[in-house]
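# Examining the three-dimensional arrangement
Single-letter residue listing:
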Amino acid sequence: MITRKRPVAGVCVLLAALTAGLVALPAGAAADEPTGRDAPKVNLLLDVSGSMRARDIDGQSRMAAAKQAFNEVLDATPKEVELGIRTLGANYAGDDRKEGCKDTAQLYPVGPLDRTEAKAAVATLTPTGWTPIGPSLLKAADDLEGGNGSKRIVLISDGEDTCAPLDPCEVAREIAAKGIGLTIDTLGLVPNAKLSRQLSCIAEATGGTYASVEHQDELTDRVNELVDRAAEPVVTPVATEGADSCAKAPTLKSGLYTDREEFGQQRWYRVDVLPGQELRASVSVGADRAMNPNHGVLLRAVTVHGREIVRGEAAGNGRTDVLSTGLRYPKPEREDDDGKPAAETVCLAVTHSFSAGAGVKTTPGLPLELTVDVVDGPDGASDVASFGLGRGWWLLGTLVLAGFLAGLLWGWLSRWRFAVWRTN
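Residues numbered from 1 in each chain as written. Predicted model: local features only at pLDDT ≥ 70, side-chain atom pairs only at ≥ 80, totals over all residues. Heavy atoms only, no water.

## Side note on the packing of helix 5 (residues 133-143) against helix 6 (residues 168-177)
Viewed as axis vectors pointing N to C, helix 5 and helix 6 meet at an angle of 20°, and their least axial separation amounts to 8 Å. Between helix 5 and helix 6, the crossing angle belongs to the class labelled roughly parallel. In this structure, the crossing between helix 5 and helix 6 has a hand that is right-handed. Within the contact between the two elements, helix 5 uses Ile133, Gly134, Leu137, Leu138 and Ala141 and helix 6 uses Pro168, Val171, Glu174 and Ile175. Residue composition of the contact of helix 5 with helix 6, by class: seven nonpolar, one polar and one charged. (Axes fitted to C-alpha atoms, helices over the stretch in contact; angles between N-to-C directions. Helix = DSSP H or I, 4+ residues; strand = E, 2+ residues; numbered from the N terminus. Parallel < 35°, antiparallel > 145°, perpendicular 65-115°, else oblique. Left-handed = near helix turned anticlockwise from the far one by under 90°. Contact = heavy atoms within 4.5 Å. Nonpolar A, V, L, I, M, F, W, Y, C, P; charged D, E, K, R; others polar.)

## What about the pattern of salt bridges?
As enumerated under the stated definition, the model contains 18 salt bridges in all. Where Lys248 meets Asp244, a salt bridge forms, and the shortest distance between an N and an O atom there is 4.0 Å. On the accessibility criterion, Lys248 (61% relative accessible area) is exposed. With a relative accessible area of 55%, Asp244 lands in the exposed category. With a closest N to O distance of 3.2 Å, Lys331 and Glu344 form a salt bridge. One end of the pair, Lys331, is in the loop between strand 13 (322-330) and strand 14 (344-352); the other, Glu344, is in strand 14, and 13 residues separate them in sequence. (Salt bridge = Lys/Arg side-chain N within 4 Å of Asp/Glu carboxyl O. Buried < 20%, exposed > 50% of the residue type's maximum accessible area, 1.4 Å probe, protein only.)

## Overview of the environment of Leu299
Note on placement: Leu299 falls in strand 11 (residues 295-303). A C-alpha to C-alpha distance of 9.8 Å links Leu299 and Ser284, two positions 15 residues apart in sequence. Here Leu299 is in contact with Ala281, Ser282, Val283, Val310, Arg311, Gly312, Thr325, Gly326, Leu327, Leu348, Ala349 and Val350, once residues within four sequence places are set aside.

Dropping the structure here:
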C-alpha cells in the first residue's frame, strides 16, 4: 500500500507545481485601478401608458413583458452601476391633456441598487395614461445631474409622444447641447414607422442607439447590454467628414470618429504610419431606419497609389441594426534609414451596401463610427502578438509542456507498476 501511495503523491506534487507556474504567468491586464470618476448612472425610462395593455409580445401584455425584462435586468446590473427607474404615463388616467403631459415620476431613485426594493416598485406598475416622452426626458436628465461619471437614459416605449408641441427630438438636442455627457438610447416595442423615426431622432441627438424589439428576451438582452455599456470608459467621438477620394481625405490621428455615408457612396480618410508601427482600424455602420436585408460593410487600407494593402469585410441579413468590421496593418522597420524615418500615408476607404426600404428617405446618410489606433508594431518573433495568439501563447505553451511532462510521468509509472506486478 505504501508503494502505491507514493506515485499518487508524486502526481499531486507535479500538479501543484504546474498550477503554481500557471498562477505565476504574467497577467493579461493589471487589476483595475481607481480612476477618480464617479459611478456610472443609468435611468431606465419606461412607458406605462394605456397602450401597454396590448397583448402582442410572446402571448403576454407589453407591460408584463417589460416587467419580466426589468426583473432580469435588475438581477444582472453590475454592482458599480447606479440605477434608477422613471415612469411616464403611470398615474393619470383622465382626459385632461395638460395633466396627462405632467405624468412622469421617479419610481426608484438613481443610486446604489437595492434589487428587492426596485423589483417591488416595478411590480406595482399598471398601464394607465398618456405618453409624455418630451417632459419625461427632461425630468430623467435632471435625475442624472451631478458627478463626472457616464450617464445614460434608456427609453422604452410602444408609442409616439402625445404632448406636442414639446418635440422629444428637440428635447434630446437641448439635453445634448448642455454638454453633460448624457446618452439616450431608445427601444421601440412595436414595428411602427412613425415611432421608429421619433425614437431614432431622440437617440441620434445624443449619440445613442435605437432598436426595435418584439420579444421579451430581446428586450432583456438589449437593456442588459446598454446598462453594461454604461460601466465602460467614456470616449467622446469626434465628428469628421470623409472625402470622395484619398487625395482630398482628412488626416486622422488615433481616436474615435463619427461621420455619415450616403447610399452608394465611398468615404476616404488618411492615416500616417511610421516604420515599426501598426495601424488598427475598425468601422461600424448603423441602420437608423428601415433597411432591406442582405447588406455588407467593407473597410480597405490602400496606398496613395491605389494598391490595396489589406481589407476587412462583414455581411449582414437585417437581424442587427449595426454592422462592423476591422483590419490591421503592421509597417516593418527599415534598417537603411539613417535619419528620421518618413511616415507612410495609408488611405482608409469605407463602403457599405445598405439599401433603403420602399418609401424610406435616403438622406441623411447612415451613421458610421470609425476607430483609428496607431501603436508600436510587433517586435519580431519575441512579441507574442506576432503569433496571433496574444498572451494566450504563454498559456498554450505551458499546457503543451504540462501535457508532455504528464505523459512522461504516466509512462514511467505504468512501466514501474508493470515491473512490480511481474516481480510479485
